[in-house]
Amino acid sequence: MRIDTHTHGKLAKNLPFSEQYTQNLFKEAKKRGVEALALTEHFNTQEFDKIYQYIHDKYERQGDTFLVEGVRVFPGLEIDILEGGHNLVIGNYEEVQALRQEILSISTVSDFLPAAKLFPLVKKYDVIFGAAHVYRKGCNNLNLDDSLIDMYDFFDLNGKDTGLMGPTNVDKIKQVAAQYGKPVLAGSDTHQYLQYGSVINDFKREFDTIADFRKEIASGDYELLVHPAIQEKIEGANLLKKALKELQKAGGSYDVQLVIE
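The sections below set out a description of the structure shown in this document.

What counts, and where the lines are drawn
- Residues numbered from 1 in each chain as written.
- Predicted model: local features only at pLDDT ≥ 70, side-chain atom pairs only at ≥ 80, totals over all residues.
- Heavy atoms only, no water.
- Helix = DSSP H or I, 4+ residues; strand = E, 2+ residues; numbered from the N terminus.
- Polar contact = N/O pair within 3.5 Å; in protein donor to acceptor, adjacent residues only side chain to side chain.
- Contact = heavy atoms within 4.5 Å.
- Buried < 20%, exposed > 50% of the residue type's maximum accessible area, 1.4 Å probe, protein only.
- Axes fitted to C-alpha atoms, helices over the stretch in contact; angles between N-to-C directions.
- Parallel < 35°, antiparallel > 145°, perpendicular 65-115°, else oblique.
- Left-handed = near helix turned anticlockwise from the far one by under 90°.
- Pairing = 2+ DSSP bridges.

This part is about the side chain of Ser-18. Considering the arrangement of structural elements, one finds Ser-18 in the loop between strand S1 (2-7) and helix H1 (19-31). Within the structure, the side chain of Ser-18 is placed 3.1 Å from the backbone nitrogen of Tyr-21, a separation counted as a polar contact. Every residue in contact with Ser-18, bar those within four places of it in the chain, is listed here: Tyr-254 and Asp-255.

Okay, structure coming up:
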């Protein structure tokens with residue numbers, strides 16, 4: 001099962017939710033060979049609740065996943081820390097919603113928790129916890145105390161960063177993961193559909209629960225795949241994302257239909 005473990009359902013977190021855009025994202029993921037994904041939406045994205053309510057109400061649930069336009073979707077979050085840096089959470093609908101609500105009960109969408117408070121809170125929940133794009137400018141995950149870094153379940157091989165930084169990013173992520181004895185999971189960091197397939201995890205078996213997902217990661221029976229044209233894919237996605245944001249800014253709508261049925 002080919003699964004992308006870092007994706008988003010909107011063009012940008014400061015834009016409103018669009019059912020059409022989100023639906024098109026999942027359709028395009030399927031067309032590009034993505035069989036499953038983790039929807040690690042920013043915990044502070046505009047209209048966060050609408051995204052998950054839409055998926056929860058419209059699509060069939062199987063295990064801990066939803067079947068969305070032919071793609072198996074694990075709910076998730078991307079969470080900022082005060083020190084600077086992003087963190088990925090993958091779980092079921094209830095765990096993800098409860099974790100987000102607990103975070104917001106003691107902080108806000110703009111006043112982030114320090115890692116020493118956030119990480120133990122995350123570990124209370126039945127979720128898979130990852131360090132996102134640790135070599136991106138402004139991300140200080142690796143400057144945290146080793147006791148905190150050890151709470152991670154995986155390191156993110158980020159498609160966007162790999163497309164911009166080159167193949168050395170792959171080597172650096174594998175090296176730091178090995179240093180801490182953690183696995184690597186590949187996530188495209190998609191906000192725009194051209195980015196799907198830039199990186200992906202090819203698991204030998206299918207699964208639809210967090211328990212089985214965790215077992216498959218521990219088995220190591222999967223491959224990290226990097227698209228040979230990753231640089232072009234990321235450049236194209238970034239260019240189109242910028243153009244759509246400018247369209248929205250000028251009074252149009254970023255959910256304009258761009259794909260061919």
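For the rest of this paragraph, the subject is the side chain of Asn-141. By the element assignment, Asn-141 lies in the loop between strand S7 (128-131) and helix H5 (146-149). Judged by its relative accessible area of 0%, Asn-141 falls in the buried class. Only 3.1 Å separates the side chain of Asn-141 from the backbone oxygen of His-86, close enough to count as a polar contact. Not counting the four nearest positions on each side in its chain, Asn-141 is found in contact with Gly-84, Gly-85, His-86, Asn-87, Ala-131, Ala-132, Val-134, Ile-149 and Tyr-152.

Contact pair helix H2 (residues 48-58) / helix H3 (residues 93-106): the axes reach a minimum separation of 12 Å and the direction vectors enclose 165°. In terms of orientation, H2 and H3 fall into the roughly antiparallel class. Pair H2 / H3 crosses with left-handed handedness. Here Phe-48, Asp-49, Tyr-52, Gln-53 and His-56 of H2 come into contact with H3, specifically with Tyr-93, Gln-97 and Arg-100.

This next bit is on the pairing of strand S9 (residues 184-187). Along a regular strand, successive side chains alternate from one face of the sheet to the other. What you see with S9 is no split at all: Val-184 and Ala-186 on one side and Leu-185 and Gly-187 on the other are buried throughout. Where strand S8 (residues 154-158) meets S9, four bridges bridge the pair, whose relative direction is parallel. By the bridge assignment, Leu-157 is partnered in S9 with Ala-186.

Buried residues dominate strand S10 (residues 199-203), accounting for five of its five residues. Taking every second residue as pointing to the same face, both faces of S10 are buried, with Val-199, Asn-201 and Phe-203 on one and Ile-200 and Asp-202 on the other. Both S1 and S10 contribute to a ladder of two bridges, which runs antiparallel. Counterpart to Arg-2 in the pairing with S10 is Asp-202. Pairing geometry for S10 and strand S11 (residues 222-226), over five bridges, is antiparallel.

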